[in-house]
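Here's the letter readout for the chains.
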Amino acid sequence: MSGAQQPFDAVALEVLWTRLGSMVDEAAAALVRTSFSSVVRESNDFSCVLTDELGQSLVQASNGTPGFLGTLPKTVAHFLKAYPPAQLAPGDVLITNDPWMGTGHLPDITVAKPIFKDGVLVAFSASTAHSPDIGGKMRSPEPREIFEEGLQIPIMKLLDAGTPDETLFRILRRNVRAPDLTVGDLWAQLTALDLMERRLLELMAEYGLDTLTRLAAEIHGRSERAMRAAIAELPDGSWQGTMETDGVDAPLTLALKLTVRGDSILLDFAGSSPQVERAINVPLCYGASYTAYGVKCVVAPHVPTNAGVLRPLTIDAPEGSILNPRYPASVGARTITAHFMPALLLSVFSQVAPERIMAVPGSPLWAITQAGVEEGGKTFANVFFFNGGMGGNMRRDGVSCLSWPSNISSTPTEVIEQCSPLHVRHRRLRPGSGGEGRQRGGLGQEILFENRSTLPAAVTFLAERTRVAAAGSAGGGQGAMGEVCINGKPVAPKEQHIVHKGDTILLSTPGGGGYGDPQARDPQAIAHDRAMGYGADHQEQGSEGL
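The rules we used
- Residues numbered from 1 in each chain as written.
- Predicted model: local features only at pLDDT ≥ 70, side-chain atom pairs only at ≥ 80, totals over all residues.
- Heavy atoms only, no water.
- 1 Å grid on protein atoms, 1.4 Å probe; cavity = no way out; pocket = protein on both sides within 12 Å on 5 of 7 lines; lining within 4 Å.
- Points joined across faces, edges and corners; volume = space filled by probe spheres on them.
- Helix = DSSP H or I, 4+ residues; strand = E, 2+ residues; numbered from the N terminus.
- Buried < 20%, exposed > 50% of the residue type's maximum accessible area, 1.4 Å probe, protein only.
- Pairing = 2+ DSSP bridges.
- Phe/Tyr/Trp six-rings, centres within 6.5 Å; stacked < 30°, edge-to-face > 60°.
- Lys NZ or Arg CZ within 6 Å of the ring centre and 35° of its normal.
- Arc of directions from axis to C-beta.
- Contact = heavy atoms within 4.5 Å.
- Polar contact = N/O pair within 3.5 Å; in protein donor to acceptor, adjacent residues only side chain to side chain.

A word on empty space enclosed by the protein. Per the counting criterion, the structure on display carries 4 cavities of 30 Å³ or more. Volume-wise, the largest cavity comes out at about 180 Å³. Residue lining of the largest cavity: 21 residues in total, with Pro107, Ile134, Lys137, Met138 and Arg139 positioned closest to the centre. Looking at the lining of the largest cavity, the elements with two or more residues in it are strand S12 (366-373) and strand S13 (379-386).

Before going further, it helps to spend a moment on the pairing of S12. When you tally the buried positions in S12, you get 7 out of 8 residues, the bulk of the element. Here 8 bridges tie S12 to S13, and the two strands are oriented antiparallel to one another. Bridge pairing links Gly372 to Phe380 in S13. Here S12 folds back onto S13, and the loop between the two strands holds 5 residues, one of which, Gly377, carries a positive phi near 100 degrees. The pairing of S12 with strand S16 (residues 457-462) spans 5 bridges and is antiparallel.

What follows concerns the packing of aromatic side chains. All chains considered together, the criterion is met by 6 aromatic pairs. Taken together, a centroid distance of 5.3 Å and an interplanar angle of 5 degrees make the contact between Phe169 and Trp187 stacked. Residue Phe169 is found in helix H4 (residues 166-175), and its partner Trp187 is found in helix H5 (residues 179-207); the two are separated by 18 residues along the sequence. Trp187 gets classed as partly exposed once you look at its relative accessible area, which sits at 38%. Here the aromatic cluster, defined as three or more aromatic residues joined through ring pairs, consists of Trp100, Phe147 and Tyr327. Between Arg334 and the ring centre of Tyr286, over which it is positioned, the NZ or CZ distance is 3.7 Å.

Turning next to H4. Because an α-helix packs 3.6 residues into every turn, residues spaced three or four apart end up facing the same way. All of the buried residues along H4 are Leu168, Phe169 and Leu172. Viewed end-on, H4 has its buried residues packed into an arc of 100 degrees, placing them on one side of the element. Those residues of H4 that are exposed and angled more than 90 degrees off the buried face are Arg170 and Arg174. Structurally, H4 contributes buried residues whose contacts are with strand S3 (93-96), strand S6 (156-160), strand S7 (163-164) and H5. Its side-chain oxygen 3.1 Å from the backbone nitrogen of Thr167, Asp165 forms the N-cap of H4.

So, to be careful, I would describe these as geometric facts and stop short of saying anything about function.
If you want it as structure tokens, here you go:
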């Protein structure tokens, strides 16, 4: 008998849920295996999601970034507004990189494929991936409006009933510095969409499901109820706090008021700095996604992530603020502001449930982008990621060199040297960079590059916490600040720089804050830190090659 006419028993629901999860993870693995750039292949800067016919997320790949997984279903909803079901057909693929409808900046390309069963729209397979280049000025905080930041792709059909829009592909290739990598990654995304479609239709046929409507309602309802039950365990009330970021010319302030009312939470970022004429503004779609992720980490980390867990949350920021800028604001480096939002959330939550939070991490994510021209005239562009230390918490030390709130992986040394003219002279932990505490903060890392490009090349950085350190919690100390040096001299980390053959670039990522009174640290943990060289007494006086 059709599953659409039968209630789902616990066993059947668990099997269906597990199968849905396995198909998006399989699609994610296929995307990684068929991708061209190190951004996707090595750093996992992508996501894969299945939604119902309304664009509400059902299940996400387990290795996707939280920022994409929260924005991607909303992008599908925007697709549906532009292309109602009557205007969609099997084989269509929709595309956009609109920052206000997507993930907050242009390099992230989102694609979605409507899935039909017996002529009826039943779901969407969707993916976002960070392109290695999208044209315009190199990714950095320098641009003052979005028109400097690269190619803007409005909502449109990339494939129309299976036929590619060759004009769009030609425009894309012409506007980017790494056309083979960019277009190759896009086709890898389409491979993932096709795989999710096939697996879902196989599942529906096997279980006699004509639509996903009732299954989606069951999944969303259970997740929403679990999330609301977890919120209801918190006391009612309002708490607030602020956090400073480095900013560009001057520090910026992020403000948050958190209100718990029964089984719902309101998060209001009123009081945050106004938007600026630099590319560190955060479209609300992206910032809200990371804020929701932070709430889930604290309140209900084990509840499956889908549309249901978001329903008890209301997230807002004043229009025209740094966290909700008006078009055409520049937003390319929005990461270095947005990643403070869940950190601020943890700081405010420490007033409600201090046992559940960690000290402030040494995030946001760091990155170096290098672009130039090879001797033969071929252009190139590469993006490589590096992480600071996480904050300590009540149970353990902060993890060293691990990204939070994103889960972007640090680019391996071998990949850097294979893909670019950068040679890594050394790469090591930064002794003493983790904040002191009963549980110390995680350590940052130090990477010394030598540029070996024959022709001059441009480099830009995503670098934060060079002015404002990661704070400790419950009496813990702050982590070390980060620093960017070229040829041994500190440089402005939010400006573009030109490097020549033989020049060196030193990145020192921040450490996480410590948790608890340092005097209460276990003597065995102190001895272990000393033996491993983690303490400040192991810092070297200078670095070779500078």
